[in-house]
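# Structural overview for review
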Amino acid sequence: MTTPPEDPRSSADAILSTIRRWQAGALAREQVVLELSRVPLEQGDVIQDVLSALQGHMELARTTSAEHVQEDTQSWRSELMASRARNWTYPYPVGLLVCPSVLILTDATRGVVLRESGAKALPRSTSASIMLLCQTIVMAQNAVDAQELKKLQDQRIASTSTSLSEIEIIR
């Protein structure tokens, strides 16, 4: 028995609910990251729906001035340098940056910074830069993964050929 495909709107609603529960203090931030990462790479439309809803319902934007007093170029640089990234692919490209204290969602034209205390919209130019950063991080990680895989394959081949060369032939 096959299960019907899940409605993208219900997936987006579930993610929005998880974000709201995190911001209310009922969930850990990693639950939001887990919920977002469960969305298949080819279903970026779900994340775009989340992004639209977040921008459309800025009641989530309960940012406090005390929280932003310390924001400067150096603190943002530290956040971005310590981030992890995820991209959803064509036809709905979207990026997620998981930084130490914020989550950033962007589709290159719109962006939202999510904090436990609320959400803040990003300017269009910043959204495009964040999307490029997401793509660069993912591409670099994939390259590192490919290099590591090649090293492991080479090690396996070397160990196999060494082991095989130690087997005596029957004459």
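Anything mentioned here points back to the structure above.
Residues numbered from 1 in each chain as written. Predicted model: local features only at pLDDT ≥ 70, side-chain atom pairs only at ≥ 80, totals over all residues. Heavy atoms only, no water.

## Considering the sheet that holds strand β3 (residues 103-106)
- Pairing within the open sheet is antiparallel, and its five strands lie in the order β1-β2-β3-β4-β5. Among the strands making up the open sheet, the edge pair consists of β1 (84-88) and β5 (118-121). In this sheet, neighbouring strand axes are inclined to one another by 15° on average, regardless of whether the strands run parallel or antiparallel.
- Pairing of β1 with strand β2 (residues 94-98) involves five bridges; the strand directions are antiparallel. Bridge pairing links R84 to V98 in β2.
- Contacts from helix α2 (residues 29-37) reach β1, β2 and β3, with the element oriented near 30° to β1.
- Here helix α3 (residues 44-56) sits on the sheet in contact with β1, β2, β3, β4 (111-115) and β5, set at roughly 75° to β4. (Pairing = 2+ DSSP bridges. Helix = DSSP H or I, 4+ residues; strand = E, 2+ residues; numbered from the N terminus. Axes fitted to C-alpha atoms, helices over the stretch in contact; angles between N-to-C directions. Contact = heavy atoms within 4.5 Å.)

## Section: the pattern of salt bridges
- Here the structure, examined in full by the defined rule, presents five salt bridges.
- For E148, the salt bridge identified is with K151, shortest N-O distance 3.7 Å. Of this pair, E148 and K151 both sit in helix α6 (residues 124-165), three residues apart, roughly one helical turn.
- A residue is classified by how much of its surface remains accessible, and E148, at 39% relative accessible area, is partly exposed.
- When its relative accessible area of 49% is taken as the criterion, K151 is described as partly exposed.
- Linking K150 and D154 is a salt bridge whose minimum nitrogen-to-oxygen distance equals 3.0 Å. With K150 and D154 both in helix α6, this residue pair falls four residues apart, about one helical turn. (Salt bridge = Lys/Arg side-chain N within 4 Å of Asp/Glu carboxyl O. Buried < 20%, exposed > 50% of the residue type's maximum accessible area, 1.4 Å probe, protein only.)

## Observations concerning unusual backbone geometry
- With an omega dihedral of 10°, the bond running from Y90 to P91 counts as a cis peptide bond.
- Position of P91 relative to the elements: it lies in the loop between β1 and β2.
- Within the chain, A108 stands out as a residue other than glycine whose phi angle is a positive 80°.
- Relative to the helices and strands, A108 resides in the loop between β3 and β4.

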